[in-house]
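Chains, contacts and geometry: an overview
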Amino acid sequence: MTTHVSEQPLSPSAEGPAFDSPWQAQAFSLVVHLHRSGLFAWQDWVAIFSAVIQEAPATAEESVNDAYYRQWLLATERLVASLGLTTAAAIAERTEAWRQAYLNTPHGQAVALSHASCPPTAGHHHPPRHTPVAISQAH
């Protein structure tokens with residue numbers, strides 16, 4: 001089977017591109033990949049996504065894409081939990097770790113999950129040491 005790739009970006013509306021941010025494309029492709037892997041029927045996804053849209057409608061402050069992918073992400077979390085691929089507690093724990101990583105990351109630096117437990121040092125990055133450090137006595 002061949003797949004035709006359109007020259008035009010996918011869009012849930014005529015207002016603009018389908019993905020405003022890389023995470024949106026990743027969330028979208030995750031659901032498609034899980035479906036193509038045979039883990040669920042598409043009508044099951046439609047039911048979950050439709051329920052989330054009803055439960056968590058768009059707000060006045062959101063763009064069309066922001067609302068759509070917020071709902072998509074909530075539905076994805078519900079889907080992977082229902083498939084037993086993870087738990088709601090694990091999702092909450094990882095969400096908190098990313099939140100803490102964001103808070104610990106200085107402005108202008110890339111957010112990395114490793115920043116969740118401690119903020120990076122300003123300026124220099126030193127790889128972790130795998131040998132003990134010898135400290136001499138002061139004379």
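Preceding block: the structure.
My aim in this report is to walk through the structure given alongside it, one point at a time.

The rules behind the values
- Residues numbered from 1 in each chain as written.
- Predicted model: local features only at pLDDT ≥ 70, side-chain atom pairs only at ≥ 80, totals over all residues.
- Heavy atoms only, no water.
- Patch = residues over 30% accessible without salt bridge, like charges linked within 9 Å, V, L, I, M, F, W, Y side chains within 5 Å.
- Areas by Shrake-Rupley, 256 points an atom, 1.4 Å probe, with all protein chains shown as cover.
- Salt bridge = Lys/Arg side-chain N within 4 Å of Asp/Glu carboxyl O.
- Helix = DSSP H or I, 4+ residues; strand = E, 2+ residues; numbered from the N terminus.
- Axes fitted to C-alpha atoms, helices over the stretch in contact; angles between N-to-C directions.
- Parallel < 35°, antiparallel > 145°, perpendicular 65-115°, else oblique.
- Left-handed = near helix turned anticlockwise from the far one by under 90°.
- Contact = heavy atoms within 4.5 Å.
- Nonpolar A, V, L, I, M, F, W, Y, C, P; charged D, E, K, R; others polar.
- Phe/Tyr/Trp six-rings, centres within 6.5 Å; stacked < 30°, edge-to-face > 60°.
- Buried < 20%, exposed > 50% of the residue type's maximum accessible area, 1.4 Å probe, protein only.
- Expected span 1.5 Å × (residues − 1).

As a further point, take a nonpolar patch on the surface. On the surface, W98, Y102, L103 and V111 cluster together into a nonpolar patch covering about 420 Å² of accessible area. You can see L103 is positioned in helix α4 (residues 88-104).

Further remarks concern the packing of helix α2 (residues 42-55) against helix α3 (residues 64-82). Here α2 crosses α3 at 130°, and the two axes come no closer than 9 Å. By the angle between their directions, the pair α2 and α3 is classed as oblique. The crossing of α2 and α3 is right-handed. Contacts between α2 and α3 involve W45, I48, F49, A51, V52, I53 and E55 on the former and, on the latter, Y68, Q71, W72, L74, A75, T76, R78, L79 and S82. Per-class residue counts for the contact of α2 with α3 are 11 nonpolar, 3 polar and 2 charged.

Below, the discussion takes up the packing of aromatic side chains. Counted by the stated rule, this structure contains 11 aromatic pairs. A centroid spacing of 4.9 Å and a plane angle of 85° characterise the contact between Y68 and Y69, whose relative ring orientation is edge-to-face. According to the relative accessible area criterion, Y68 is partly exposed, its value standing at 23%. On the basis of relative accessibility, which here comes to 2%, the residue Y69 falls in the buried class. Following the ring pairs from residue to residue traces out a cluster consisting of F19, F28, F40, W42, W45, F49, Y68, Y69 and W72.

A separate point is α3. Helix length check: α3 (19 residues) gives 27 Å between terminal C-alpha atoms against 27 Å at 1.5 Å per residue, within 8%. Of the residues making up α3, those classed as buried are N65, A67, Y69, Q71, W72, A75, T76, L79 and V80. Among the residues trailing α3, G84 stands out with phi positive, at a value near 75°.

That is the geometry; function is a separate question.
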